[in-house]
Structures are given as C-alpha cells and as structure tokens.
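Remarks on the overall topology
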Amino acid sequence: MDVTRMTVPGNGPGRDIVHHLVTRAGQRFGLLVESGGRRRFLVYDSADADEPVQTIVLDQDEADQIADLLHSRSLPDRLADLERRVARLTGATP
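Attention here is on the structure that accompanies the text. (Residues numbered from 1 in each chain as written. Predicted model: local features only at pLDDT ≥ 70, side-chain atom pairs only at ≥ 80, totals over all residues. Heavy atoms only, no water.)

Let us now look at the packing of aromatic side chains. The full count for this structure, using the stated rule, is zero aromatic pairs. Of note, R28 hangs over the ring of Y44, and the distance from its end group to the ring centre comes to 4.5 Å. (Phe/Tyr/Trp six-rings, centres within 6.5 Å; stacked < 30°, edge-to-face > 60°. Lys NZ or Arg CZ within 6 Å of the ring centre and 35° of its normal.)

In structure tokens form, the structure reads like this:
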C-alpha cells in the first residue's frame, strides 16, 4: 500500500494530518486525523481523485474499535505475546 502524509491547517489550536492511501488494486481512500482526536475516513471515486465522494466521521473510541478490528490478532492475543516477551527479557518464567 502506498501511503502519503500531509499536515493541513486544523479547525482547532493544532494541525490536522491527512493520510492518503492507495491499495495494490489502485483503490484510494484517506484518513484525516484532526488535532482534537476525531477521525474522518475519506472515500474517493476513481473518476475524481481530489474530492471525496463520502466522508465517515469517527469519534476517538470508534476509531479505536476499528483499529482493533483491523489487527490480524485480537487484543488479548497481542497482550499475551507482549507478556511473554517481557518475561523473556527480564528472565522471568514465561
């Protein structure tokens, strides 16, 4: 996947960051991360690559839920793996 990142002026005190993504199949979408924590998925039509045809607004907790779904392993599995790694590093029995 090709990912480009740009900083853009935000609505609040900070700056927003927009990530433009292109999949191997050539599909384009974006993720706007606002300084206040809100995320916006930007869905583009292949005919007009500059203007999104749909915007999906996510609050921070909703973005966290989607991030958990996108992981290849569940959160408990990832935590168990981290616990095993820490145990190995500290010499404790895993």
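There's plenty left to go through after this.
Tracing the chain through its elements places R78 in helix α2 (residues 75-90). Residue R78 is classed as buried on the basis of its relative accessible area of 19%. Residue contacts for R78: discarding those within four places in its chain leaves D68, H71 and R73. (Helix = DSSP H or I, 4+ residues; strand = E, 2+ residues; numbered from the N terminus. Buried < 20%, exposed > 50% of the residue type's maximum accessible area, 1.4 Å probe, protein only. Contact = heavy atoms within 4.5 Å.)

To continue, consider the environment of L32. Position of L32 relative to the elements: it lies in strand β3 (residues 28-33). Residues L32 and T55, 23 residues apart in the sequence, show an inter-C-alpha distance of 9.7 Å. Each residue touching L32, except ones within four places of it in the same chain, is listed here: V8, D16, I17, V18, R38, R39, R40 and L42.

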